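# Chain and residue survey
Residues per chain, in single letters:
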Amino acid sequence: MTDPLTSRFFAVSVADGVAHIEMDNAAKANSMTPAFWDDLPRIAAALDTDPAVRCVVISGRGKHFTAGMDLAAFQGIMELTGQEPGRAAYAMRKLVLKLQASLSALEEMRVPVIAAIHGACLGGGIDLITACDIRLCTADTAFGIEEINIGMAADVGTLQRMPKLMAPGVVRELAYTGRRFSAEEAKGWGIVNAIHADRDAVIAAALEMAKTIAARSPLAVAGIKQAVTYARDHSVADGLDQIATWNAGMLRPDDLTRAMGARMKQQQALFDDLLTDAG
């Protein structure tokens, strides 16, 4: 049986509760080939069902995080333009929904996903990082919503998620103009949590943060991720109702006792893994 973590685009490792997904197309600035879109949701699903995994870090090998969509991924789109218009539009919509689902797989994981960004993070790279829970970057990171520069609107998540992370007026400026923006601007707008010196430093910081998260109750972390994501798309009243229902069903004395006992002894609590999916 094929290892679900084996990929033509990614290198995946798991240690101490932290999975590290590395984009491994450095020769092409980690541009997102068809293999990226095919393999990412499969890897996310495999890690999500592994009870030993409690946090994920995603980064890029080489000089850049990612230069965005690879030209090869556009080939199928261009071929559609020569087909019967109605059928071409139907196929195009189906393709876009597939690409969206690839990145939404990160948002739908029970565990937090931390993006460690360096160099260029352009086009599809913005779609990718906005689907993550936390973003860290290097001082030299250059960001850009560049789809407008090739005559299209971004359609894989940037325009939907980014206005929930920062001021919509700034998102509009960046999307309309396609201009690149700096790490300092990104931090000022709240897109990234912190800026680090270089690639090694940002990955080290992301892995250290992931280890801290992995040491917490996995049930509580899963509840937090679900609640924050739910609250983003619902009213305050709906969000309050959702978390009340969650804790009514999921809050159990074992993790509370372990956490409070360890805190009193100034020790690190040890929490059981979640159960694997049934079936």
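Everything numeric in this text was worked out from a predicted model, so none of it was measured.

So, about the sheet that holds strand β2 (residues 18–23). Read from one edge of the open sheet, 6 strands run β1-β2-β3-β4-β6-β9, paired in mixed fashion. Either end of the sheet is taken by a strand with one partner, and the two such strands are β1 (10–15) and β9 (194–196). Each strand axis lies, on average, 20° off the axis of its neighbour in the sheet, ignoring direction.

This part takes up helix α2 (residues 71–80). Among the residues of α2, those classed as buried are Ala73, Phe74, Ile77 and Leu80. Relative to the axis of α2, the buried residues are bounded by an arc of 95° and lie together on one face. Facing away from the buried side of α2 by over 90 degrees, the exposed positions are Leu71 and Met78. Buried-residue contacts for α2 involve α1 (34–48) and α3 (85–107).

Attention now goes to the domain arrangement of the protein chain. Assigned domains of the protein chain: these are domain 1 (10–214) and domain 2 (217–265). On a C-alpha basis, the centroid separation for the pair domain 1 and domain 2 is 27 Å. Between domain 1 and domain 2, the residue contacts involve 12 residues of the former and 7 residues of the latter. When the two sides are added together, the surface that domain 1 and domain 2 hide from each other amounts to roughly 740 Å², 53% of it contributed by carbon and sulfur. By the criterion of area lost to domain 2, the three top residues of domain 1 are Glu107, Arg110 and Lys164, representing 54% of everything that side buries. Linking domain 1 with domain 2 are 3 salt bridges. The salt bridge partner of Arg232 is Glu107, with a shortest N-O separation of 2.7 Å. Scanning the region where domain 1 abuts domain 2 turns up 6 residue pairs in polar contact (both at pLDDT 80 or more). Classifying every residue of the side of domain 1 that touches domain 2 gives 6 nonpolar, no polar and 6 charged.

With that settled, the discussion passes to the environment of Ser31. By the secondary structure assignment, Ser31 is in the loop between β2 and α1. Sequence separation between Ser31 and Gly123 is 92 residues, and the spatial gap between their C-alpha atoms is 9.8 Å. In contact with Ser31, not counting residues within four places along its chain, are Phe9, Asn25, Thr66, Ala67, Gly68 and Asp70.

Here we take up the nonpolar core. If you look at soluble globular proteins, the nonpolar side chains tend to sit buried side by side. Core analysis: the biggest nonpolar cluster contains 49 residues, and Phe36, Val56, Leu128 and Phe143 have the highest contact counts within it. At 7 residues, the largest contribution of residues to this core is made by α1. When residues no more than four places from it in sequence are discounted, the contact partners of Leu128 are Met23, Met32, Phe36, Leu40, Ile58, Phe65, Leu103 and Leu106.

Here we come to the layout of surface pockets. Put simply, the largest pocket is a space of about 660 Å³. If you trace the largest pocket, you find 31 residues lining it, with Ser217, Ala220, Asp255, Leu256 and Phe271 closest to the centre. Listing elements by their share of the lining of the largest pocket, those giving two or more residues are α9 (218–232), α10 (236–250) and α11 (253–264). With 7 residues, α11 is the single largest residue contributor to the lining of the largest pocket. Residue composition of the lining of the largest pocket, by class: 18 nonpolar, 6 polar and 7 charged.

For the rest of this paragraph, the subject is the packing of aromatic side chains. Tallied over the entire structure, the rule returns 6 aromatic pairs. Relative to Phe36, the ring of Phe9 lies with its centre 5.4 Å away and its plane at 80°, an arrangement referred to as edge-to-face. Note that Phe9 is positioned in the segment before β1 and Phe36 in helix α1, a separation of 27 residues in sequence. Across the pair, Phe36 and Phe9 agree in class, each one buried. Seen in terms of ring centroids, Phe143 and Phe181 are 5.3 Å apart; in terms of plane orientation they differ by 15°. Their pairing is stacked. Here Phe181 lies in strand β8 (residues 180–182) and Phe143 lies in strand β7 (residues 142–144), a separation of 38 residues in the sequence. Summarising the burial analysis for this pair, Phe143 and Phe181 share the class buried.

As a further point, take empty space enclosed by the protein. Per the counting criterion, the structure on display carries 1 cavity of 30 Å³ or more. Of the pockets and cavities examined, the largest cavity occupies roughly 40 Å³. Contributing to the lining of the largest cavity are Arg54, Arg110, Val111, Ile213, Ala214, Pro218, Val221 and Ala222. Among the elements of the structure, α8 (199–214) and α9 are those that each provide at least two residues to the lining of the largest cavity. Ranked by the residues each element gives to the lining of the largest cavity, the list is headed by α9, at 3 residues. In terms of residue class, the lining of the largest cavity is made up of 6 nonpolar, no polar and 2 charged. No fewer than three residues from each of domain 1 (10–214) and domain 2 (217–265) sit in the lining of the largest cavity.

What counts and what doesn't
Residues numbered from 1 in each chain as written. Predicted model: local features only at pLDDT ≥ 70, side-chain atom pairs only at ≥ 80, totals over all residues. Heavy atoms only, no water. Pairing = 2+ DSSP bridges. Helix = DSSP H or I, 4+ residues; strand = E, 2+ residues; numbered from the N terminus. Axes fitted to C-alpha atoms, helices over the stretch in contact; angles between N-to-C directions. Buried < 20%, exposed > 50% of the residue type's maximum accessible area, 1.4 Å probe, protein only. Arc of directions from axis to C-beta. Contact = heavy atoms within 4.5 Å. Domains from an automatic or database assignment. Buried area = accessible area lost by both parts, 1.4 Å probe. Salt bridge = Lys/Arg side-chain N within 4 Å of Asp/Glu carboxyl O. Polar contact = N/O pair within 3.5 Å; in protein donor to acceptor, adjacent residues only side chain to side chain. Nonpolar A, V, L, I, M, F, W, Y, C, P; charged D, E, K, R; others polar. Core = buried A, V, L, I, M, F, W, Y, C linked by side-chain atoms within 4.5 Å. 1 Å grid on protein atoms, 1.4 Å probe; cavity = no way out; pocket = protein on both sides within 12 Å on 5 of 7 lines; lining within 4 Å. Points joined across faces, edges and corners; volume = space filled by probe spheres on them. Phe/Tyr/Trp six-rings, centres within 6.5 Å; stacked < 30°, edge-to-face > 60°.

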